[in-house]
Amino acid sequence: MSATTTGVDRDFFTLSRTFIPPVPLDRERLGLVIVDMQYLDASPDQGFGAAMEIIEPGSMEFFNARNEDQVVPGIAKLIAGFRERGLPIVYVLVGSDYRDLRDLPRRHREWIRTIERQSGVKDILWSGNPAYRVRDELAPTEDDTLVKKTAFGAFTSSTMDETLRGMAIDQLIVTGIATNCCVSTTIRDAADLGYGVVVVEECTADYDRVTHETAIKGLFFNFARVVLTADEALAAVDAQAEV
């Protein structure tokens, strides 16, 4: 097994281990959500990733390998597929327009400041940092929608719910990082608000294999349907299938 793959068993997601209803992928109601794929936290040599490697060398190895080999190419494939089909794409960006991060939750602000002090990497979550932008391979166009959040979950710290409902979107295909944190929090809140959610396993990453697998399985039990690859997600979209 390579460093980029996980031990997630395809059969796990076909067994009768979830009672959440299938998500019908109706193109008129569907959107692709991309969570936090910015240089500040989805890059090996900038922002959070660079800081953690300074504090604890090797701690980002699994994440970086998986992110570069699977997540970025997988999301790029979904972006291309959604654009070819004329379907909406919503980018979620984490950070603050204030350099002192005054609009972040206090504990979140203290957490990131501790990382900055210990690593010497400054302004990790400030939107004025060039690392705030989405990775070039996944860059949004003027037709895409950007939602800015100030905490882990998109629905509790941004206009995410209002934006999606204004676009008549209530079915989501969710991707991004990190699986147990911003992705899971966003998906759980979406499910509680009545959205139908599908998560694409190869298009998410976490900081170690066990945490990633546990998060994906936890989402499957109660909050989201799971497909393993971008190709499978696009095939389901084309078939307007229930996932």
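Use the structure listed above.
A brief look at the structure comes next. (Residues numbered from 1 in each chain as written. Predicted model: local features only at pLDDT ≥ 70, side-chain atom pairs only at ≥ 80, totals over all residues. Heavy atoms only, no water.)

A word on the packing of helix 1 (residues 47-55) against helix 3 (residues 106-119). As a packed pair, helix 1 and helix 3 sit with axes 9 Å apart at the nearest point and diverge in direction by 55 degrees. In terms of their interaxial angle, helix 1 and helix 3 are classed as oblique. At the point where helix 1 passes helix 3, the crossing takes the left-handed sense. Facing Phe48, Ala51, Met52, Ile54 and Ile55 of helix 1, the residues of helix 3 in contact are Trp111, Ile112, Ile115, Gln118 and Ser119. A per-class count over the contact of helix 1 with helix 3 returns 8 nonpolar, 2 polar and no charged. (Axes fitted to C-alpha atoms, helices over the stretch in contact; angles between N-to-C directions. Helix = DSSP H or I, 4+ residues; strand = E, 2+ residues; numbered from the N terminus. Parallel < 35°, antiparallel > 145°, perpendicular 65-115°, else oblique. Left-handed = near helix turned anticlockwise from the far one by under 90°. Contact = heavy atoms within 4.5 Å. Nonpolar A, V, L, I, M, F, W, Y, C, P; charged D, E, K, R; others polar.)

Here we come to helix 1. Turning to helix 1, its buried residues number three or more, namely Gly47, Phe48, Gly49, Ala50, Ala51 and Met52. Buried residues along helix 1 sit in contact with helix 3. (Buried < 20%, exposed > 50% of the residue type's maximum accessible area, 1.4 Å probe, protein only.)

Attention shifts here to the nonpolar core. Within the largest apolar cluster, 50 residues are counted, with the highest numbers of intra-cluster contacts made by Leu25, Met37, Phe82 and Ile173. Of all the elements in the fold, those that place two or more residues in this core are strand 1 (30-35), helix 1, helix 2 (61-84), strand 2 (89-94), helix 3, strand 4 (171-177), strand 5 (196-205) and helix 7 (230-239). Not counting the four nearest positions on each side in its chain, Ile173 is found in contact with Leu25, Leu30, Gly31, Leu32, Val33, Phe82, Val198, Val200 and Val237. (Core = buried A, V, L, I, M, F, W, Y, C linked by side-chain atoms within 4.5 Å.)

As a further point, take the environment of Pro44. Tracing the chain through its elements places Pro44 in the loop between strand 1 and helix 1. Residues in contact with Pro44, not counting those within four places in the same chain, are Gly49, Ala50, Asn64, Glu68 and Arg135.

Glancing now at the layout of surface pockets. Size it by volume and the largest pocket reaches roughly 240 Å³. Considering the residues around the largest pocket, the lining is formed by 17 residues, among which Asp41, Trp111, Phe152, Cys181 and Tyr207 are closest to the centre. Breaking the lining of the largest pocket down by element, the ones donating at least two residues are helix 3 and helix 5 (179-192). For the lining of the largest pocket, a count of residues per class yields 13 nonpolar, 2 polar and 2 charged. (1 Å grid on protein atoms, 1.4 Å probe; cavity = no way out; pocket = protein on both sides within 12 Å on 5 of 7 lines; lining within 4 Å. Points joined across faces, edges and corners; volume = space filled by probe spheres on them.)

The subject of this paragraph is unusual backbone geometry. Residues Ile177 and Ala178 are joined by a peptide bond in cis, for which omega reads -10 degrees. Structurally, Ala178 can be placed in the loop between strand 4 and helix 5. Despite not being glycine, Asp123 has its phi angle at roughly 55 degrees, a positive value. Turning to its location among the elements, Asp123 is positioned in the loop between helix 3 and strand 3 (145-149). The class of Asp123 is buried, set by a relative accessible area of 14%.

Shape descriptors only; they carry no functional weight alone.
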